[in-house]
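The chain contents come next:
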Amino acid sequence: MTFDTIIIDSHVILPSGMIEKNIVIDEGKIVNFTNEIPQCNEKINARGLVSIPGLIDPHVHYGVYSPIEKAAITESRVAAIGGVTTMMRMLRLGGSYRKLLDPHLLESSSSHYVDYTIHASILQKSHIEEMEFCAKKGINSFKLYMNLGGDVGHVYVDMTPGTISLQQEKVEIDSSMIEKIISTAALLKCPVLVHAEDYQMCSCGMREGKEKKKDGLGAWSESRSVESEIKSIRDVSKVARKVGCVLYFVHIGSQGAINAIKEEKKNGTKIFVETCPHYLTLSYESQKGYLAKVMPPIRASKDVDAIWSEIQLGTVDSIGTDHVANRLDRKLAGNVVWDALAGFPGIGTMLPILISEGVNKGRMTLEQLVSLTSMNTAKIFRMFPKKGSLQNGSDADITIIDLKKENKVSSQLLDGFSDYTVYEGWNLKGWPVKTLVRGQIVAEDLKIIGKPGYGKFVTRPVLS
Ligand SMILES: [Zn+2]
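What you see is a predicted model, and the numbers here were worked out from it, not measured in a lab.

1. Thoughts on the coordination of the zinc ion
Coordination of the zinc ion by the protein is provided by His 59 (NE2), His 61 (NE2) and Asp 322 (OD), with metal-donor distances spanning 2.0 to 2.2 Å. Binding-site remark: the zinc ion is held by donors from one chain whose sequence spacing is H-x1-H-x260-D. Placement of the pair is His 61 in strand E8 (residues 55-61) and Asp 322 in the loop between strand E17 (318-319) and strand E18 (323-324), with a sequence separation of 261 residues.

2. Observations regarding the environment of Val 337
By the element assignment, Val 337 lies in the loop between helix H11 (328-331) and helix H12 (350-358). By relative accessible area, which is 0% here, Val 337 ends up buried. Residues Val 337 and Lys 293 lie 44 residues apart in sequence; the distance between their C-alpha atoms is 7.7 Å. Those residues within four positions of Val 337 in sequence are excluded, and the remaining contacts are Asp 215, Gly 216, Leu 217, Trp 220, Tyr 290 and Lys 293.

3. Some thoughts on the pairing of strand E16 (residues 271-275)
Within E16, five of the five residues are buried, which leaves it mostly tucked inside the rest of the structure. Burial of E16 is two-sided: the residues Ile 271, Val 273 and Thr 275 facing one way and the residues Phe 272 and Glu 274 facing the other way are all buried. Of the strand pairs in this sheet, strand E15 (residues 247-249) and E16 are connected by three bridges, and their pairing is parallel. Across the sheet, Tyr 248 pairs through a bridge with Phe 272, a residue of E16. The parallel pair E15 and E16, bridged by helix H9 (residues 255-266), forms a crossover whose chirality is right-handed. Bridge count for E16 against E17 is two bridges, and the pairing is parallel.

4. Section: the packing of aromatic side chains
The relation between two aromatic rings is expressed through the spacing of the ring centres and the mutual angle of the planes. Summed over all chains, the structure comprises five aromatic pairs. Both rings, one in Tyr 116 and one in Phe 457, keep their centres 5.8 Å apart while their planes meet at 35°; by these two values the pair is tilted. Note that Tyr 116 is positioned in strand E10 (residues 115-121) and Phe 457 in the segment after strand E22 (447-448), a separation of 341 residues in sequence. Of note, Arg 327 hangs over the ring of Phe 417, and the distance from its end group to the ring centre comes to 3.8 Å.

5. Some remarks on the side chain of Thr 117
Residue placement: Thr 117 occurs in strand E10. Among the residues examined, Thr 117 registers a relative accessible area of 0% and is labelled buried. Side chain to side chain, Thr 117 and Arg 460 meet in a polar contact 3.0 Å long. Apart from the residues within four sequence positions on either side, Thr 117 is in contact with Thr 86, Met 87, Met 88, Arg 89, Met 383, Phe 457, Val 458 and Arg 460.

6. Quick word on the sheet that holds strand E9 (residues 84-91)
Ordered in space as E17-E16-E15-E14-E11-E10-E9-E8-E18, the nine strands form an open sheet in which the pairing is parallel. If you trace the sheet from one side to the other, it starts and ends with E17 and E18, each paired once. Pairing analysis gives two bridges linking E8 to E18, with the strands arranged parallel. Bridged to Val 60 within E18 is His 323. Strand contacts of helix H1 (residues 68-81): E9 and E18, with the helix running at about 140° to E9, the strand carrying the most contacts.

7. Considering helix H13 (residues 366-380)
Between its terminal C-alpha atoms H13 stretches 20 Å, which fits the 21 Å expected from 15 residues at 1.5 Å a residue. Roughly 45° is the biggest bend found in H13, and it falls at Leu 372. Those residues of H13 that sit buried are Leu 366, Leu 369, Val 370, Leu 372, Thr 373, Ser 374, Met 375, Thr 377, Ala 378 and Ile 380.

8. Considering the nonpolar core
Counting residues in each nonpolar core, the largest one holds 129 residues, and the members touching the most others are Ile 52, Leu 144, Ile 182, Val 236, Leu 247, Phe 249 and Met 364. The contact partners of Met 364, leaving out residues within four places of it in the chain, are Trp 308, Ile 311, Ile 319, Leu 354, Gly 358, Val 359, Leu 369 and Leu 372. Counting residues in hydrophobic clusters, the runner-up holds 17 residues, among them Ile 7, Ile 30, Ile 44 and Leu 49.

9. A look at the sheet that holds strand E3 (residues 17-20)
Strand order in the open sheet made by the seven strands is E3-E2-E7-E19-E20-E21-E22, with mixed pairing throughout. Edge positions in the open sheet fall to E3 and E22, since each of these has one partner strand only. Summarising the sheet, strand E7 (residues 50-53) and strand E19 (residues 398-408) pair through four bridges and their orientation is antiparallel. Along E19, the bridge assignment pairs Ile 52 with Thr 399. The sheet strands contacting H12 are E7, E19 and strand E20 (427-437), and the helix crosses E20 at an angle near 135°. Along the sheet face, H13 touches strand E2 (11-14), E3, E7 and E19 and points at about 30° away from the line of E7.

10. Let's talk about the side chain of Glu 274
Mapped onto the elements, Glu 274 comes out in strand E16. Look at Glu 274: it is buried, it has no salt bridge, and the nearest opposite charge is Lys 143 at 7.4 Å. At a separation of 2.9 Å, a polar atom in the side chain of Glu 274 contacts the side chain of His 59. Here the side chain of Glu 274 touches His 251 through a polar contact of 3.0 Å, landing on its backbone nitrogen. Residues in contact with Glu 274, not counting those within four places in the same chain, are Pro 58, His 59, Tyr 248, Phe 249, Val 250, His 251, Ile 252, Ser 318, Ile 319 and Gly 320.

So, how was this worked out
Residues numbered from 1 in each chain as written. Predicted model: local features only at pLDDT ≥ 70, side-chain atom pairs only at ≥ 80, totals over all residues. Heavy atoms only, no water. Donors = N, O, S within 2.8 Å, 3.2 Å for Na, K, Ca; no water. Helix = DSSP H or I, 4+ residues; strand = E, 2+ residues; numbered from the N terminus. Buried < 20%, exposed > 50% of the residue type's maximum accessible area, 1.4 Å probe, protein only. Contact = heavy atoms within 4.5 Å. Pairing = 2+ DSSP bridges. Right-handed = clockwise from strand over helix to strand, strands pointing away. Phe/Tyr/Trp six-rings, centres within 6.5 Å; stacked < 30°, edge-to-face > 60°. Lys NZ or Arg CZ within 6 Å of the ring centre and 35° of its normal. Polar contact = N/O pair within 3.5 Å; in protein donor to acceptor, adjacent residues only side chain to side chain. Axes fitted to C-alpha atoms, helices over the stretch in contact; angles between N-to-C directions. Expected span 1.5 Å × (residues − 1). Bend = angle between axes of the 7 residues up to and from the residue. Core = buried A, V, L, I, M, F, W, Y, C linked by side-chain atoms within 4.5 Å. Lys, Arg positive; Asp, Glu negative; His and termini not counted. Salt bridge = Lys/Arg side-chain N within 4 Å of Asp/Glu carboxyl O.

Here's what the structure looks like:
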C-alpha cells in the first residue's frame, strides 16, 4: 500500500523524550513511526530538523478590529507561518450566542488556514443562560473578565459578521454574576478562563496615575497593580472551590500572581496557569514607548526571571499569546500611555521566541516546549489525543523546526493584519520551517502555501 506522506530523519519530540524515526502520515493522521521508508506519495526530508506537535494557541483575539471573515484569513495565515496549527478564539459577543454564534461559525468555516476552536466570553447576565447552548455546540470553556466593571467596564467585542465598524459594549461583572458563571460552568463540567484583575482597584489606580500626570509603561504597571491580580485570584478561587469549578488563569506574568495561585491550589482549588511570551521577554524597564501596553501590564525584569523559574518548576501549564490583531493607528492614538490601546499581536512570534529565548538559552527543554505549547493545552481543553501529541491516530499537526535558523523579526515577515510587532528587529535563533495541519503543508520557510477554508472547527466534547 502507498501512504500519503513521510517525514524522514527528523528528531521527533514525544512526551517521553526524543526519538529518531520517520513519521508516516495517511489521511491526515499519524499512522506509524518507523526506521523504514515505506511507499509514500510525498517525502519530506527533515534531516537535522526537529518535529514537534503543531502549537495550540489557547488565547487569540481576532475579529474585533476587522470582521472575522477577513481576520480569520490574516491571523490564521500568521499562525501557520509561526508554526501554530490550532488557534483558540476568545470570542466576545455584544448580543445573544443563540443568534450570533452560527453566523460567526459560518464565516469562520471558509476563512481559516489552520484549525480553530472557540472560548465563549460571558459578558452579560443573559449569556449565563446560553452557556449550555454553547457547550452543546462544542464550545466547552468560558471566559470571565473580572477586570470589566464600573468606569473601566467598556470593551470592544467581535464585529458582527457582515459589519465593519468597531463595536463597544458596557460590561458590569459583579460578584453575583461571578458566582453564577462559576456554578453554571461547574454543572457543565467546563473550565472557566479568568482574566484576574480587580476592576475597582484598576479604576482607582488609573485615575491616580492620570491625576499625577504619570506616564510610560511603568506607570501603567503601577496603575494596574499586582495586588489587584492577587485580590481577584483569591476572590474567584474561593467561589470555584465551593462548587468544584476548574479555573484557568490566563496571562499570568507576575511573581505575586503566581504565589497567590500556588496558595489557592494548596487550599484545594483546581487551577491551571497560562503565561504569555511577552511576560518571558519584556519588562517596563526594557520597553520604551507604548507598544507593549497590555492588560495585565508587563512587569519588572525580576518578574520576567520569576516566570522563567516557575516554568522550570512546573507551575505554568500552558503558554498562549493573548494575540490582538490591531494596528498602529489605533494603538498609538493619543500622546500618553492612558490613551494607547492595550494588546498587541503575538501568534506569529510565539514559537521563535520560545525557541530562541527558551530552548536555545537552556531555559526550557524541547519536551517542556511541547507540554506548554500543545500537550497540556489539548488536555485542559479536551482536544487530546486528537491534538497535542505526536502519536499513532492523532491528527498529523506537525511543526518542523530548525533550531539553528536565524532571522530578524518584522511585521512584514509575519504577514498579518497588524503593521507592527513588539519584537521588531529582534534577531531570533530557531524558527519553524514547515507547518502541517492534518498532514497538509500549510506554511513553508515563513511563507503561506495553504488555502483559507482548509482549517476546521474543532468541537470539544461535553463531559457526562
Ligand atoms: Zn486576552
